[in-house]
Number of protein chains: 2
Amino acid sequence: MEKRIERIKKQLHSQSYKLTPQREATVRVLLEHEEDHLSAEDVYLLVKEKSPEIGLATVYRTLELLSELKVVDKINFGDGVSRYDLRQEGATHFHHHLVCIECGSVDEIQEDLLGDVEKVVEKSWNFKIKDHRLTFHGICSRCQENKPTETS
Amino acid sequence: MEKRIERIKKQLHSQSYKLTPQREATVRVLLEHEEDHLSAEDVYLLVKEKSPEIGLATVYRTLELLSELKVVDKINFGDGVSRYDLRQEGATHFHHHLVCIECGSVDEIQEDLLGDVEKVVEKSWNFKIKDHRLTFHGICSRCQENKPTETS
DNA sequence: GGTCAAATTAAAATCATTACAATAATTAGA
DNA sequence: TCTAATTATTGTAATGATTTTAATTTGACC
């Protein structure tokens, strides 16, 4: 964990930003909740537990900054809020998501899956792909088990 | 066009909703701007030209309703607004988008592209896919032409 | 024509996010 | 070290999108 913070610090410095205490606290929360998909408000509340003096605006700005540096990805699942997701170190592409329409859970797919599709798109549409967002909506394995019969 | 309205009307009736004049005006605007990706506000302004007495809240409710009936798809490209996109009639899957990070244009891909990927996901993650969202961010062909040299 | 539920309206409320202005911390040079 | 200049932070106000409310209208059905 410290190693990753150290690397993020370097990344900030390389763009002449500083890892201030507030920013560090925010990054720590993200690292501790790597599995989740926190909204800005979620992050704010968690950071506040350790650093009660932080302001919501600072969290927003920090997340925005981390987003620009590609440390986190900003995603939107269609509920009204933006969520922030730590990027795997060294990941070249943004991972995908499985959103369950029953229970609302969000799982991640780290595998690429889109390599071939991207080649087709770049060639057929002459479109230079920089990033992508792929989300599947459906029923997760857990909900399928809980509801074997659909008859009302 | 009248045919499609007629079919949408039937679809509404089958769920015991009515195609009120306001709803019809809204659907007409969507049909006339099938290529675009209008926000609720955009739709509102366009409907207002023909039916000046309509309210913004009604447009929101109508779009929400059409979204539930799968007549339109609600999408979100990361700017602060939801956009509404008419579904191709008979389309089984949601089409994909190419968002240009230079000029902001949005092009559509009607081709499926994800058939194989979905099979893999359903099998490997035991996830029952109902819908998907796939958006590529990058440089569209038009912007690539306008900016052949990147050196500042 | 009367009744009832659904739909619409305008206005107000809500929610996420951003802008602002004042304050505090940090840095670079004298 | 001291001072000016820069950068970051804070709380709050403002903004903008969307939703709710409460009152009114519409339209199908008897």
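As the structure is a prediction and not an experimental result, all values here were calculated from the model. (Residues numbered from 1 in each chain as written. Chains lettered and ligands numbered in written order. Predicted model: local features only at pLDDT ≥ 70, side-chain atom pairs only at ≥ 80, totals over all residues. Heavy atoms only, no water.)

Draft legend 1. The arrangement of the packing of helix α2 (residues 21-32) of chain B against helix α4 (residues 56-68) of chain B in detail. Residue and element names in this part refer to chain B. One can describe the packing of α2 onto α4 by two numbers: an axis separation of 10 Å at closest approach and a directional angle of 70 degrees. By the angle class used here, α2 and α4 are roughly perpendicular. From α2, Q22, R23, T26, V27 and L30 reach across to α4, where they touch T58, T62, L63, L65 and L66. Grouping the amino acids of the contact of α2 with α4 by side-chain chemistry returns 5 nonpolar, 4 polar and 1 charged. (Axes fitted to C-alpha atoms, helices over the stretch in contact; angles between N-to-C directions. Helix = DSSP H or I, 4+ residues; strand = E, 2+ residues; numbered from the N terminus. Parallel < 35°, antiparallel > 145°, perpendicular 65-115°, else oblique. Contact = heavy atoms within 4.5 Å. Nonpolar A, V, L, I, M, F, W, Y, C, P; charged D, E, K, R; others polar.)

Draft legend 2. Here's a closer look at the relation of the copies chain B and chain A. Note on the copies: chain B fits chain A at an RMSD of 0.2 Å, the axial shift is 0.0 Å, and the rotation between them is 179 degrees. Expressed as an axis order, the relation between the two copies is that of a two-fold axis. When C-alpha positions in chain B are compared against the rotation axis, the closest is assigned to L134 of chain B, at 2.2 Å. Here 100% of the contact residues of chain B are again contact residues in chain A; the copies associate through an equivalent surface. (Least-squares fit on C-alpha atoms with pLDDT ≥ 70 in both.)

Draft legend 3. Representation of the interface of chain B and chain A in the model. Taken together, the contact pairs 32 residues of chain B with 32 residues of chain A. Both faces considered, chain B and chain A share a buried interface measuring about 2,800 Å² in area, 70% of it formed by carbon and sulfur atoms. Looking only at chain B, the three residues that lose the most surface to chain A are W125, F127 and F136 of chain B, adding up to 23% of its buried area. Across the contact surface, chain B and chain A share 0 salt bridges. Counting across the chain B and chain A interface gives 12 residue pairs in polar contact (both at pLDDT 80 or more). Broken down by element, the side of chain B that touches chain A gets its largest block of residues, 12 residues, from strand β6 (residues 128-139) of chain B. Each residue belonging to the side of chain B that touches chain A can be placed in one class, and the counts come to 17 nonpolar, 8 polar and 7 charged. (Buried area = accessible area lost by both parts, 1.4 Å probe. Salt bridge = Lys/Arg side-chain N within 4 Å of Asp/Glu carboxyl O. Polar contact = N/O pair within 3.5 Å; in protein donor to acceptor, adjacent residues only side chain to side chain.)

Draft legend 4. Just the layout of surface pockets, in detail. Counted as a void, the largest pocket has a volume near 1,400 Å³. Lining the largest pocket are 47 residues; nearest its centre among them are N76 and G78 of chain A together with I75, N76 and F77 of chain B. Breaking the lining of the largest pocket down by element, the ones donating at least two residues are α4 (56-68), β2 (72-76) and β6 (128-139) of chain A together with α4, β2 (72-76), β3 (82-86), β4 (96-100) and β6 of chain B. Ranked by the residues each element gives to the lining of the largest pocket, the list is headed by β6 of chain B, at 6 residues. Considered class by class, the residues forming the lining of the largest pocket number 12 nonpolar, 14 polar and 21 charged. (1 Å grid on protein atoms, 1.4 Å probe; cavity = no way out; pocket = protein on both sides within 12 Å on 5 of 7 lines; lining within 4 Å. Points joined across faces, edges and corners; volume = space filled by probe spheres on them.)

Draft legend 5. Spotlight on the state of the cysteines. All names here are of chain B. Applying the stated criterion across every chain, the model contains 0 disulfides over all chains. The thiol of C100 is not disulfide-bonded; the next cysteine sulfur, from C103, is found 3.6 Å away. When its relative accessible area of 3% is taken as the criterion, C100 is described as buried. (Disulfide = S-S within 2.5 Å. Buried < 20%, exposed > 50% of the residue type's maximum accessible area, 1.4 Å probe, protein only.)

Draft legend 6. Representation of the protein's contact with DNA strand D within the structure. Looking at DNA strand D, there are 16 residues lining it, with T20, Q22, T58 and R61 of chain A together with Y60 of chain B nearest. Each atom of DNA strand D within 4 Å of the protein was classed as base or backbone; sugar and phosphate made up 76%. The side chain of Q22 of chain A places a nitrogen or oxygen atom 2.9 Å from a sugar or linking oxygen of DNA strand D. Here a phosphate oxygen of DNA strand D and a backbone polar atom of G55 of chain A are 3.2 Å apart. If you list the elements that add at least two residues to the surface near DNA strand D, you get α2 (21-32) and α4 of chain A together with α3 (40-50) and α4 of chain B. Residue composition of the surface near DNA strand D, grouped by class: 7 nonpolar, 5 polar and 4 charged. (Near = heavy atom within 4 Å.)

Draft legend 7. The domain arrangement of chain A, seen in detail. All names here are of chain A. Per the domain assignment, the segments making up chain A are domain 1 (1-90) and domain 2 (93-152). Inter-centroid distance (C-alpha atoms) of domain 1 to domain 2 is 24 Å. Taken residue by residue, the interface counts 11 residues in domain 1 and 11 residues in domain 2. Buried area between domain 1 and domain 2, both sides added, is near 820 Å², and the carbon and sulfur share of it is 52%. Where D131 meets R87, a salt bridge forms, and the shortest distance between an N and an O atom there is 3.9 Å. For the pair domain 1 and domain 2, the number of links is 5 residue pairs in polar contact (both at pLDDT 80 or more). Mapped by element, the contributors of at least two residues to the side of domain 1 that touches domain 2 are β2 and β3 (82-86). Examining the composition of the side of domain 1 that touches domain 2, we find that 3 residues originate from one element, β2, more than from any other. In the side of domain 1 that touches domain 2, the residues fall into 3 nonpolar, 2 polar and 6 charged. (Domains from an automatic or database assignment.)

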